[in-house]
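What follows is each chain in one-letter form.
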Amino acid sequence: MNKDCTPKTLKRKGLGEINTRKECFKTLTGILEVPIVTDTTWQSLVLKATGPVLVEFWAPWCGPCRIIHPVVAELSEEYAGKLKFFKLNTDDSPSIATQYGIRSVPTTMIFINGEKKDAVLGAVPKTTLTASIEKFL
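Remember, it's a predicted structure, so these values are computed and weren't measured experimentally.

Conventions used here
Residues numbered from 1 in each chain as written. Predicted model: local features only at pLDDT ≥ 70, side-chain atom pairs only at ≥ 80, totals over all residues. Heavy atoms only, no water. Helix = DSSP H or I, 4+ residues; strand = E, 2+ residues; numbered from the N terminus. Buried < 20%, exposed > 50% of the residue type's maximum accessible area, 1.4 Å probe, protein only. Contact = heavy atoms within 4.5 Å. Areas by Shrake-Rupley, 256 points an atom, 1.4 Å probe, with all protein chains shown as cover. Core = buried A, V, L, I, M, F, W, Y, C linked by side-chain atoms within 4.5 Å. Pairing = 2+ DSSP bridges. Axes fitted to C-alpha atoms, helices over the stretch in contact; angles between N-to-C directions. pLDDT = per-residue confidence, 0-100. Disulfide = S-S within 2.5 Å.

Let us now look at the overall build of the protein chain. The helix and strand tally for the protein chain stands at 7 helices and 4 strands. Listing the helices and strands of the protein chain from first to last along the sequence gives α-α-α-α-β-α-β-α-β-β-α. Each of the 137 residues in the protein chain was classed as buried or not, and the buried ones make up 43%. Restricting the contact set of the protein chain to residue pairs at least 6 apart, pairs at least 24 apart contribute 63%. Of the roughly 7500 Å² that the protein chain leaves accessible, carbon and sulfur atoms contribute 57%.

Below you can see the structure in the form of structure tokens.
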């Protein structure tokens, strides 16, 4: 790990100072690696997307979400160009979460041509998400 990205250093420097440091983004649980989708961008980024789209439904207060963030970020790098990845904060976009029946977070869904094709509930191992992804590529 980069010595500037250790929890002790991050706490001392403060988040604002390291926000622009690409090498620290992964250390910050991968949350900055996957683009965010909202109510206003849902239609264009997910429903009208060409090709498959994976959406991670999460919430800031969710402990298991923090566990799966780096897994989703890693998968987004591995499947770059084959699958689009987004995150949706269910606290900020409750109408989308309700529309898709999200009752617990994290929930990961795969969409193709605007249609929900698969859902994975919970902070599952990378192999579980990979198996879900591979079904649609």
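This is not the end of the story, as more comes after the structure.
A few words now on the nonpolar core. Residues Trp42, Val46, Val55, Phe57, Tyr100 and Phe111 are the most contacted members of the largest nonpolar core, which totals 21 residues. At the level of secondary structure, the elements contributing two or more residues to this core comprise α4 (42-47), β1 (53-58), β2 (84-89), α6 (94-99) and β3 (107-112). Considering every element that reaches this core, the biggest residue donor is β1, with 4 residues. Leaving out residues up to four positions away in the same chain, tyrosine 100 has contacts with Trp42, Leu47, Met109 and Phe111.

As a further point, take the sheet that holds β1. Spatially, 4 strands are ordered β2-β1-β3-β4 in an open sheet, and the strand pairing comes out mixed. A strand with exactly one partner marks an edge of an open sheet, and here the two such strands are β2 and β4 (115-121). Taking the axes of each pair of neighbouring strands and ignoring which way they run, one obtains an average angle of 25 degrees across the sheet. Of the strand pairs in this sheet, β3 and β4 are connected by 6 bridges, and their pairing is antiparallel. Directly across from isoleucine 112, in β4, lies its bridge partner glutamate 115. Helix α7 (residues 126-134) rests against β1, β2, β3 and β4 of the sheet, and its axis sits at about 165 degrees to β4.

Of all residues in the protein chain, 77% attain a pLDDT of 70 or more, and the chain-wide mean is 83. Overall, residues 13-32 carries pLDDT values under 50, and its contacts beyond four positions in sequence, including any with other chains, amount to 35 contacts.

Here we come to the state of the cysteines. Linking two cysteines covalently through their sulfur atoms gives a disulfide. Using the criterion set out here, one finds 1 disulfide in the structure. Each sulfur of the disulfide joining cysteine 62 and cysteine 65 lies 2.4 Å from the other. The S-S bond linking cysteine 62 to cysteine 65 shows a torsion near 85 degrees; that makes this disulfide right-handed.

With 6 of 6 residues buried, β3 is to be regarded as a mostly interior element. Here β3 shows two buried faces, one formed by Thr107, Met109 and Phe111 and the other by Thr108, Ile110 and Ile112. Bridge analysis of β1 against β3 gives 5 bridges, and the strand direction is antiparallel. Pairing of leucine 54 across the sheet is with isoleucine 110, part of β3. Hairpin connection from β3 to β4: 2 residues lie between these consecutive antiparallel strands, with asparagine 113 at a positive phi of about 50 degrees.

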